[in-house]
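These are the residues of each chain, in order.
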Amino acid sequence: MQIPLLRAHRETDTGGAGGQSWMSAGFRPSIVLKAGIPPRSCPVGAGVANPRDAGGPAMGGYDHPMELRQVRYFCAVAEEGHLGRAAERLGVRSPSLSQQIRVLEGRLGAQLFERTPAGMVLSRAGRALLPEARATLAAADRAARVVEDAGKRLEVGIPPGLPPGVPPRVQDAARAAGTRVSFVDAGTAHQLSLLARRELDAGVVNLPADTTGMAVSVVQDVPLGVVMSAAASLADRAAVSWDDLAGHELLWFRRDRAPGYHDAVLNACHAGGWRPRLRVSAARRAVTRAELAGGPVVALQPESVHSGDASLAWRPLANGAPRMRVALAWRGDERHPVFSAIARDLAS
């Protein structure tokens, strides 16, 4: 793995502190993690071996980006203060480590260590480099963790009005498949658009829908019933017929969220002889509770959506009940087995 080269910043003869030259003041490198920086010529500091002798670039400058390995080697030698101990820590041979340090010095154009009988002592340039090198290694480790985490996390769309048990089931199925999920709140139509643009990994969508180019697995298929205020007269019935709904408005959602599902349910209502006036509202429990308390209005939802809410009542339709079919959808060209594994778990 390679990182862009350390870029040399130096003080001029007149611009340095106290008028010192850049060579006497010491080399002052700073890590620049940005691709496309052109090489800049930098004289080689005193005591640095000819980089060509160590397999490095010409002495007049540097031609190649540093390797992350060399930065790691530098830090190990700096922290151990001894080539032999650093080599043992890194699991490499001392001559190889020494050569790589000399290559690094040649590429930077500065002597990073004073070689003494007792070991390796950081030069002024080496002391300036050490905190930047440590920061580079930390950034590289963070980048690796981010990539690893991204490979284990899926973004999954969730539509409004979904039965509350579905998201936890998706999480459990993903965990069993060795991955994690982040949910994106989006209607079916928006999810399918995001999937087509590869901005979403998978989606929980309401059927029917235009799933051309998608792999689809139905994970829930349940009947819709009538949701009403617990104080409504229809709440006294064991089941509700289509005729009983005459004169009631239907609390419904905007068609652009899930056109296929929107139309399929209304077609079922019309087939049963009920052509309700629509009251469009947000699919949020608190909003639904308030809307249903405000007069002859009902909603059509699965029983589980509002179970446990004493202020509401759910009653089955006596006949011809439309259904909520929910599916996991992902791109058809996505061959990763995790999606089918999650779908199988959800469907079981």
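Note that this is a predicted model, so its numbers are computed, not measured.

Turning our eyes to something else, we now look at the sheet that holds strand S7 (residues 202-207). Paired through their backbone hydrogen bonds, the strands of a sheet run either parallel or antiparallel. In spatial order, the strands read S6-S5-S7-S14-S8; together these five strands make up an open sheet with mixed pairing. Unpaired on one side and paired on the other, strand S6 (180-185) and strand S8 (214-223) mark the two borders of the sheet. Taking each pair of neighbouring strands and ignoring which way they run, the sheet shows an average axis angle of 25°. Of the pairings in the sheet, the one linking strand S5 (residues 153-158) to S7 comprises two bridges and is parallel in character.

Take the side chain of glutamine 191 next. Relative to the assigned elements, glutamine 191 resides in helix H7 (residues 188-196). With a relative accessible area of 0%, glutamine 191 lands in the buried category. Leave out the neighbours within four places in its chain, and glutamine 191 touches Gly157, Ile158, Pro159, Ala186, Leu200, Gly203, Val204 and Val205.

What follows is about the pattern of salt bridges. Under the definition given, this model contains 19 salt bridges. Notably, a salt bridge pairs arginine 134 with glutamate 79, separated by 3.3 Å at the nearest N-O pair. Remark: glutamate 79 occurs in helix H2 (residues 68-80) and arginine 134 occurs in helix H5 (residues 124-151); sequence separation between them is 55 residues. The exposure class assigned to arginine 134 is partly exposed, which follows from its relative accessible area of 41%. Arginine 255 is the salt-bridge partner of aspartate 263, the closest N and O atoms lying 2.6 Å from each other. Exposure remark for arginine 255: the relative accessible area of 45% places this residue in the partly exposed category. Look at the salt bridges and you will find they share partners, linking Glu79, Glu80, Arg85, Arg89 and Arg134 into a network.

Strand order in the open sheet formed by five strands is S11-S10-S12-S9-S13, with mixed pairing between adjacent strands. In the strand order of this sheet, the two ends are held by strand S11 (278-280) and strand S13 (312-316), each with one partner. Ignoring which end each strand starts from, the neighbouring axes of this sheet average 35° apart. Here strand S10 (residues 249-252) pairs with S11 via three bridges, running parallel. Across the sheet, residue leucine 251 finds its bridge partner in S11, namely arginine 279. Its contacts with the sheet put helix H8 (residues 259-271) on S10, S11 and strand S12 (297-301), and the angle it makes with S10 is roughly 165°. Contacting strand S9 (225-229), S10, S11, S12 and S13, helix H9 (residues 285-292) crosses the sheet at an angle of about 140° to S12.

Analysis parameters
- Residues numbered from 1 in each chain as written.
- Predicted model: local features only at pLDDT ≥ 70, side-chain atom pairs only at ≥ 80, totals over all residues.
- Heavy atoms only, no water.
- Pairing = 2+ DSSP bridges.
- Helix = DSSP H or I, 4+ residues; strand = E, 2+ residues; numbered from the N terminus.
- Axes fitted to C-alpha atoms, helices over the stretch in contact; angles between N-to-C directions.
- Buried < 20%, exposed > 50% of the residue type's maximum accessible area, 1.4 Å probe, protein only.
- Contact = heavy atoms within 4.5 Å.
- Salt bridge = Lys/Arg side-chain N within 4 Å of Asp/Glu carboxyl O.

Everything listed is a geometric property; what it means functionally is a separate question.
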